[in-house]
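Okay, here's what each chain looks like letter by letter:
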Amino acid sequence: MMRQVSFVVAAIALAGVAGCGPLVQIGGNDKAPVALMALRATATPVAGAPTSDRTATLLVLTPTVPGTLQTLRVPVATTDTEVAYLTGATWAEQPNREFQHVLSDTIASRGVAVIDPHQATLAPGRTLSGTLFEFGLDVRNPGAPVVRVRYDATLSASGKSAAFALRRFDAVQPVATQNPADVAIALNTAANAVAAQVADWIAH
């Protein structure tokens, strides 16, 4: 089922942000966000993706994440050894769950029968799991800020063979400004790019 939560890009006044200090800071003492950010798959799932072959089904698990992503905040790499969080940027739900929805919809758009992990009653033919290692803003080069998405995937088959495959997927997307709305747009673009790479891998 295609995720219907709209991708929020509500305008956030730059003057107001500037008056509150720098855009990135350590900790979680920000004021309540003006709007919540959410990802939206740009691919359209095949309606129903009917199949009577259990081995053709795929269960997409929510990726695990490192500590920096166990939050509703957007991490910002400020140096090689320091991470801050983007002021005023808050996800509607944790980024690994947002990304799982995009993965599921994008893979389903290739005609794959994707099982909702909350509705699965039978063992799937294959399971996609993995770790979302990067999902945030990188300002280590202040003149060229980017967002980075990195997903290390494991595709495993059920049954006696227990075959599996491992692969890394990543995307880097330039960001116009460090404004939360622009960062959200860039992360949505990068997340869909990674999801498309994964979907192509699954489908072939």
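Residues numbered from 1 in each chain as written. Predicted model: local features only at pLDDT ≥ 70, side-chain atom pairs only at ≥ 80, totals over all residues. Heavy atoms only, no water.

Take the pattern of salt bridges next. Oppositely charged side chains can pair when the atoms bearing their charge come close. For the structure on display, the rule yields six salt bridges. A salt bridge links aspartate 80 to arginine 140; the shortest N-O distance between them is 3.0 Å. Residue aspartate 80 is located in the loop between strand 3 (73-77) and strand 4 (83-90), and its partner arginine 140 is located in the loop between strand 6 (126-138) and strand 7 (146-157); the two are separated by 60 residues in the primary sequence. The exposed category is assigned to aspartate 80, whose relative accessible area is 68%. Aspartate 200 is paired through a salt bridge with arginine 110; the nearest N and O atoms lie 2.9 Å apart. Here arginine 110 lies in the loop between helix 2 (95-108) and strand 5 (113-115) and aspartate 200 lies in helix 3 (residues 180-203), a separation of 90 residues in the sequence. In this structure aspartate 200 comes out as partly exposed when scored by relative accessible area, which is 36%. Connected through shared salt-bridge partners, Asp80, Asp138, Arg140 and Arg148 make up one network. (Salt bridge = Lys/Arg side-chain N within 4 Å of Asp/Glu carboxyl O. Helix = DSSP H or I, 4+ residues; strand = E, 2+ residues; numbered from the N terminus. Buried < 20%, exposed > 50% of the residue type's maximum accessible area, 1.4 Å probe, protein only.)

Over its 24 residues, helix 3 runs 34 Å from end to end, which matches the ideal 34 Å to within 8%, given 1.5 Å per residue. Measuring from the side-chain oxygen of the N-cap residue of helix 3 to the backbone nitrogen of alanine 181 gives 2.9 Å; that N-cap residue is asparagine 179. (Expected span 1.5 Å × (residues − 1). Polar contact = N/O pair within 3.5 Å; in protein donor to acceptor, adjacent residues only side chain to side chain.)

Next up on the list: the side chain of threonine 57. With respect to the helices and strands, threonine 57 occurs in strand 2 (residues 57-60). From its side chain, threonine 57 meets the backbone nitrogen of glycine 125 in a polar contact 3.0 Å long.

A separate point is helix 2. Taking 1.5 Å as the rise per residue, helix 2 with 14 residues should run 20 Å; its terminal C-alpha atoms sit 20 Å apart, in good agreement. Counted residue by residue, helix 2 has 12 buried out of 14 residues, so it is predominantly covered. Residues of helix 2 that are buried: Pro95, Asn96, Glu98, Phe99, Gln100, Val102, Leu103, Ser104, Asp105, Thr106, Ile107 and Ala108. Tucked inside the fold, the buried residues of helix 2 contact strand 2, strand 5, strand 6, strand 7 and helix 3. (Contact = heavy atoms within 4.5 Å.)

Next up on the list: the packing of helix 2 against helix 3. Relative orientation of the contacting elements helix 2 and helix 3 amounts to 45°, with a least axis distance of 9 Å. The angle between the axes of helix 2 and helix 3 places the two elements in the oblique class. Considering only the axes of helix 2 and helix 3, their crossing is right-handed. Facing Phe99, Val102, Leu103, Thr106 and Ile107 of helix 2, the residues of helix 3 in contact are Ala191, Asn192, Val194, Ala195, Ala196, Val198, Ala199 and Ile202. Taken together, the residues of the contact of helix 2 with helix 3 sort by class into 11 nonpolar, two polar and no charged. (Axes fitted to C-alpha atoms, helices over the stretch in contact; angles between N-to-C directions. Parallel < 35°, antiparallel > 145°, perpendicular 65-115°, else oblique. Left-handed = near helix turned anticlockwise from the far one by under 90°. Nonpolar A, V, L, I, M, F, W, Y, C, P; charged D, E, K, R; others polar.)

Residues Ile107, Leu128, Phe135, Tyr151, Val198 and Ile202 are the most contacted members of the largest nonpolar core, which totals 42 residues. Elements supplying a minimum of two residues to this core: strand 2, strand 3, strand 4, helix 2, strand 6, strand 7, strand 8 (164-174) and helix 3. Tallying contributions element by element places helix 3 first for this core, with 12 residues. (Core = buried A, V, L, I, M, F, W, Y, C linked by side-chain atoms within 4.5 Å.)

These values are about where atoms sit, not about what they do.
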